[in-house]
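Chain and residue survey
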Amino acid sequence: MAEQPARKAPKATEARVVRTERITPHMVRVVLGGPGLDAFEVGEYTDHYVKLLFAPEGVTYPEPFDMERIREEFPREQWPTTRTYTVRAWDPVHRELTIDFVVHGDEGLAGPWAARAQAGETMRFLGPGGGYTPDPAADWHLLAGDESALPAIAVALERLPSGARVHAFVEVSDAAEEQKFATAAGVDVTWLHRGDRPAGEAVVEAVRALDFPAGDVHAFVHGEAGFVKDLRRHLRMERGVARERLSISGYWRLGKTDEAWRAIKREWNDQVEREQEN
Ligand SMILES: Cc1cc2nc3c(=O)[nH]c(=O)nc-3n(C[C@H](O)[C@H](O)[C@H](O)COP(=O)(O)OP(=O)(O)OC[C@H]3O[C@@H](n4cnc5c(N)ncnc54)[C@H](O)[C@@H]3O)c2cc1C
């Protein structure tokens, strides 16, 4: 059998923090720019994402930064740690990339980084990837998630044309986390306040209580994996939404770092499929 060529490491984009803004008490907007973004482009998706690269503590890489070289010369545990974030906005004229980070406490890499990021700092990333954009042929759209999915939901709402029929539910901790954004479709988000309730309970309840409009729905449901699983069951089994009309996944998992979540994500998804599709 012919030997498989070694997979080339993806090329990283190097950006600088241009400015930051605390848009709500627990959401920090970081705008990235600099000459490294000259070749950056995004495509058609409203859920485009990039994978931010964080060097493990105490590790520095040779300049210029080169993923190929890092993979060849550094042991795997010293490769950069990745964190996935939605492209909230891309300005192709000023070549600025906007990312909104949930500031969820002192734990983790990306949230704490964003909370203290300063103009001039370097951030490297891979991507963009993506997979969803609201289908103009759908009769109506369901968008549901927590704060982590709010950037992608906001992009979808901004993209939907006037007259589009949409139900959008976003769970945030309290009223101070609500955001305003202009939508052509004139759609209002239904803001759900978590308060002391478990993550996602309010959004599951709201979707369950929704009087579904007739016709073909195209749905985007993302956020904490536990409630996403519950909503998937509801949408597939109780509402009969076809699998291909659902963009649905756990963006993060309560009590698990992103590495720990990604390590079990495939098995988790397989199990969800087994439970819900058979
Ligand atoms: C395609 C995709 C797009 C995403 N887009 C965004 C985005 O635009 N903005 C955004 O903020 N997040 C987004 N996320 C989610 C983000 O990648 C995760 O929340 C990630 O775990 C954050 O990394 P961290 O280093 O801050 O925390 P980690 O080191 O991964 O986790 C540390 C601890 O914090 C908890 N934690 C992680 N995220 C949250 C949270 N949101 N709320 C409360 N507790 C949390 C974990 O359960 C863990 O206990 C996206 C995820 C995916 C897959």
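Presented here is an overview of the structure given in this document. Here the structure is a predicted model, which means the values were calculated and not measured.

Of all 7 residues in strand β8 (residues 140-146), 7 are buried, a share of seventy percent or more. Side-chain alternation along β8 places W140, L142, A144 and D146 on one buried face and H141, L143 and G145 on a second face that is also buried. Sheet topology note: the β8/strand β9 (residues 166-172) ladder contains 6 bridges and is parallel. Within the sheet, the bridge partner assigned to D146 lies in β9 and is E171. One crossover worth recording links β8 to the parallel β9 by way of helix α3 (residues 150-159), and it is right-handed.

What follows is about the packing of helix α5 (residues 225-238) against helix α6 (residues 258-277). In the contact formed by α5 and α6, the axes pass within 11 Å of each other and the chain directions differ by 25°. Classed by the angle they form, the pair α5 and α6 counts as roughly parallel. In this structure, α5 crosses over α6, and the sense of that crossing is right-handed. Contact residues: α5 offers A225, G226, K229, R232, R233, R236 and M237, while α6 offers W261, W268, V272, E273, E275, Q276 and E277. Split into classes, the residues belonging to the contact of α5 with α6 amount to 5 nonpolar, 2 polar and 7 charged.

This paragraph deals with the pattern of salt bridges. Scanning all chains against the criterion turns up 28 salt bridges. The partner of R232 in a salt bridge is E273, with the nearest N and O atoms 3.2 Å apart. Taken together, the positions of R232 in helix α5 and E273 in helix α6 put the pair 41 residues apart, joining distant regions of the chain. Note on R232: relative accessible area 9%, which makes it buried. Given the relative accessible area of 29%, E273 is considered partly exposed.

About the criteria used
- Residues numbered from 1 in each chain as written.
- Predicted model: local features only at pLDDT ≥ 70, side-chain atom pairs only at ≥ 80, totals over all residues.
- Heavy atoms only, no water.
- Buried < 20%, exposed > 50% of the residue type's maximum accessible area, 1.4 Å probe, protein only.
- Helix = DSSP H or I, 4+ residues; strand = E, 2+ residues; numbered from the N terminus.
- Pairing = 2+ DSSP bridges.
- Right-handed = clockwise from strand over helix to strand, strands pointing away.
- Axes fitted to C-alpha atoms, helices over the stretch in contact; angles between N-to-C directions.
- Parallel < 35°, antiparallel > 145°, perpendicular 65-115°, else oblique.
- Left-handed = near helix turned anticlockwise from the far one by under 90°.
- Contact = heavy atoms within 4.5 Å.
- Nonpolar A, V, L, I, M, F, W, Y, C, P; charged D, E, K, R; others polar.
- Salt bridge = Lys/Arg side-chain N within 4 Å of Asp/Glu carboxyl O.

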